[in-house]
Amino acid sequence: MASNCIKFNDKDFCEVWNNKDDGVHTVELLAEGQSLESWSTMITVRKYKGKTALKEVLPGYINSVKPMFTLKPDILQSDTSKAKEEVYFRMLLLAPDKSHYEYVINRFYRDDDESVKSIFYSHRIPFAEQVNFNEIMENRDNWLEQLQSQNIDGHLGE
């Protein structure tokens, strides 16, 4: 078992990819038996070094995924947040090659004055004319709560 893992949905998601590019450190984590080419669920954590407010990160992120929107995203805030800033996006994306949908819950937050952080849960759904969203509707609130409880600092290897 890899050492850099996050417990989510009663599974261990472990690091499979790590990249530092232009001030953004990204780590992608998958459950055992999954690969970057063939995954069903993924956790992504990011740290935007030197970004000290969500407004410095969110417009660029939203613009990068906007072409994939299939529905208008839900934008949520927590009444119990201890972060200085925090926002959640729940969205359904269609992959550019139209091979699958991704139901994504993104938590962007700032708990210090040095960087913005994010943790995403992505749930892959094969493309079909009729798609069953029951699993997503039944679990989305629980997934959001699990994202809120995660501290990602230790998962960025810094």
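Residues numbered from 1 in each chain as written. Predicted model: local features only at pLDDT ≥ 70, side-chain atom pairs only at ≥ 80, totals over all residues. Heavy atoms only, no water.

Asks: Explanation requested: the environment of Glu102 in the structure shown.
Replies: Assignment of secondary structure puts Glu102 in strand 7 (residues 100-110). The spacing of Glu102 and Asn132 is 30 residues in sequence and 13 Å in space, taken between C-alpha atoms. In contact with Glu102, not counting residues within four places along its chain, are Trp39, Met91, Leu92, Leu93, Ser122 and His123. (Helix = DSSP H or I, 4+ residues; strand = E, 2+ residues; numbered from the N terminus. Contact = heavy atoms within 4.5 Å.)

Asks: What should I look at first to understand the nonpolar core in this one?
Replies: Nonpolar side chains in soluble globular proteins generally cluster together in the buried interior. Membership of the largest hydrophobic core comes to 25 residues, with the highest contact counts inside it found for Phe8, Ile43 and Val45. Not counting residues within four places of it along the chain, the set of residues in contact with Phe8 comprises Phe13, Ile43, Tyr121, Trp143, Gln146, Leu147 and Gln150. Formed by 15 residues, the second largest nonpolar core is a distinct cluster that contains Tyr48, Val57, Tyr61 and Phe89. (Core = buried A, V, L, I, M, F, W, Y, C linked by side-chain atoms within 4.5 Å. Buried < 20%, exposed > 50% of the residue type's maximum accessible area, 1.4 Å probe, protein only.)

Asks: Help me understand helix 2 (residues 134-149) in this model?
Replies: The periodicity of an α-helix, 3.6 residues per turn, causes residues three or four places apart in sequence to face the same way. Here helix 2 is 16 residues long and its end C-alpha atoms lie 24 Å apart, about the 22 Å a rise of 1.5 Å per residue gives. The largest bend along helix 2 reaches roughly 50 degrees and is located at Arg140. Against strand 1 (5-8), strand 5 (74-76), strand 6 (85-94), strand 7 and strand 8 (115-126) lie the buried residues of helix 2. (Expected span 1.5 Å × (residues − 1). Bend = angle between axes of the 7 residues up to and from the residue.)

Asks: Explain unusual backbone geometry here, please?
Replies: Within the chain, Asn9 stands out as a residue other than glycine whose phi angle is a positive 55 degrees. By secondary structure assignment, the location of Asn9 is in the loop between strand 1 and strand 2 (11-21). Look at Asn9 and you get partly exposed, because its relative accessible area is 28%. A positive phi angle is found at Asp22, which is not glycine, with a value near 55 degrees. Turning to its location among the elements, Asp22 is positioned in the loop between strand 2 and strand 3 (24-31). When its relative accessible area of 75% is taken as the criterion, Asp22 is described as exposed.

These values are about where atoms sit, not about what they do.
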